[in-house]
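Understanding the architecture of this molecule
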Amino acid sequence: MSIWWAVMAGIGAANFLAALYIVWKSLKWSKAEPESAIIFALLRGCVLVFACVAAYRSVFVSSYPDRLVWFDSLLNSPFLIRCLAALAETSAVTITAVALLRLNSQYDLGGKAKRAGGLFARAPYISIACIFAAQFFAFGGLITQYQTLFAIEELLWMTAFLCFVPLTILGLRQSKAGKIVQKNQKVFLWVMAVWCAGYLAFQIGYALPFMYIAEIAGDAGRAVPPDALRAAICEFNMTRDFNAWGGIGFMIWHSVYFAVTIWVYLFGFMAVRKQSGGKFLD
């Protein structure tokens, strides 16, 4: 696992540098579209937060539900990692929601399709609410070690992704009809389609039934110790054992989440600009 960790740390650093470069290149967008300066500033902050947290967690590997850490240090504390994850996750859903809403504002719909589009346009706000609510259950699960709370967190995540699907499909249809022509936006829509399909298949087919819901029965009669918060911050198990981390399943999940998903949000960030001339970075 040490080789895998070194590769992940390197990728995390490279992705962070790539995010910095893309954000730097985007500084002129506000000059081209002054009415969108606030949106661009918000999304730049979200991109940098997610990239920074992803790079940090690539080094300080942690599994906060099981309180496993890579280093025996408070810098690797599952509670600290959970705090950083909350910032990254709210940043990620903000980028995705804004990108889809921005694309939705360009759709030329009529009749029933227009009414459906108006309904779909509200879905990203539900996604934001779901991810915000999920943070409370994630912290609760970490502190109490109740699998029920982790299961609710994952259900909220699944709901958030389901809410992204309608606008993603609608965007792909508009792209096929020639109403969305910019490369950044087309790439983002296809990336979102693949990401949503893969994530929902993982959640519905494996994670929820076999990782979370199956463990709920163990919560019955379990008492929360009075020092649960202190334990969540200070008590953790340092290990680099392959099986302790969950084997190949954990490695695949961790690798995809911290090496690949940042590009979903970078594409979303680049898709926000309406006039990109069809170029990747402009």
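Notes on the structure follow. (Residues numbered from 1 in each chain as written. Predicted model: local features only at pLDDT ≥ 70, side-chain atom pairs only at ≥ 80, totals over all residues. Heavy atoms only, no water.)

Remarks on the side chain of Arg102
In plain terms, the rule: Helical segments are the DSSP runs of H or I of at least four residues, strand segments are the runs of E of at least two, and each set is numbered from the N terminus. Each polar contact in these results corresponds to two N or O atoms within 3.5 Å; when the atoms are within protein, one needs to be able to donate a hydrogen and the other to accept it, and residues that are neighboring in sequence are counted only if both atoms are side-chain atoms.
Mapping Arg102 onto the fold places it in helix H4 (residues 78–104). Side-chain polar atoms of Arg102 contact the backbone oxygen of Val272, separated by 2.9 Å.

A word on the sheet that holds strand E1 (residues 62–63)
Sheets are built from strands that pair by backbone hydrogen bonding, the pairs being arranged parallel or antiparallel. The condition that has to hold: Two strands qualify as a pair provided that DSSP identifies no fewer than 2 bridges between them.
Within the open sheet, the three strands sit side by side as E1-E2-E3. Their pairing is mixed. Bordering the open sheet on either side are E1 and strand E3 (237–238), each of which pairs with just one other strand. Sheet topology note: the strand E2 (residues 68–69)/E3 ladder contains two bridges and is parallel. Bridge assignment links Val69 to a residue of E3, and that residue is Met238.

Some thoughts on the pattern of salt bridges
Our working definition: By definition, a salt bridge exists where a carboxyl oxygen of Asp or Glu is found within 4 Å of a side-chain nitrogen of Lys or Arg. The buried label goes to any residue with under 20% of its type's maximum accessible area, the exposed label to any with over 50%, and the partly exposed label to all in between, with areas taken from a 1.4 Å probe on protein chains only.
Applying the stated criterion to the full structure yields four salt bridges. Ionic pairing is found between Arg230 and Asp227, a salt bridge with its closest N-O pair at 2.9 Å. Classification of Asp227 as partly exposed rests on a relative accessible area of 33%. Between Arg230 and Glu235 there is a salt bridge, with its nearest N and O atoms 2.5 Å apart. A residue is classified by how much of its surface remains accessible, and Glu235, at 38% relative accessible area, is partly exposed. One network of salt bridges, in which partners are shared, links Arg82, Glu89 and Glu153.

Notes on the packing of aromatic side chains
Worth spelling out the cut-off: Classification of ring pairs rests on two measures: the distance between centres of Phe, Tyr or Trp rings, Trp counted by its six-membered ring, which must be within 6.5 Å, and the angle between planes, read as stacked under 30 degrees, edge-to-face over 60 and tilted in between.
Considering all chains together, one arrives at 25 aromatic pairs under this definition. Seen in terms of ring centroids, Phe161 and Tyr199 are 4.2 Å apart; in terms of plane orientation they differ by 25 degrees. Their pairing is stacked. Of the two residues, Phe161 is situated in helix H7 (residues 147–176) and Tyr199 in helix H8 (residues 183–212); the sequence distance between them amounts to 38 residues. The exposure class of Phe161 is buried, given its relative accessible area of 4%. Residue class for Tyr199 comes out buried when judged on its relative accessible area of 13%. Each ring, one from Phe250 and one from Trp253, has its centre 5.9 Å from the other, and the planes form 40 degrees; the classification is tilted. Remark: Trp253 and Phe250 occur in helix H10 (residues 248–259); sequence separation between them is three residues, near one turn of the helix. A relative accessible area of 35% means that Trp253 is categorised as partly exposed.

Focus on helix H11 (residues 261–271)
Most of H11 sits inside the fold, with 10 of its 11 residues counted as buried. Among the residues of H11, Thr261, Ile262, Val264, Tyr265, Leu266, Phe267, Gly268, Phe269, Met270 and Ala271 are the ones counted as buried.

Some details on the side chain of Ser63
Stated precisely, the cut-off is as follows: Contact between two residues is taken to exist if any of their heavy atoms lie within 4.5 Å; hydrogens are not considered.
Checked against the element boundaries, Ser63 lands in strand E1. Apart from the residues within four sequence positions on either side, Ser63 is in contact with Leu68, Trp245 and Phe250.

It is worth stressing that arrangement in space is one thing and function is another; only the former is reported here.
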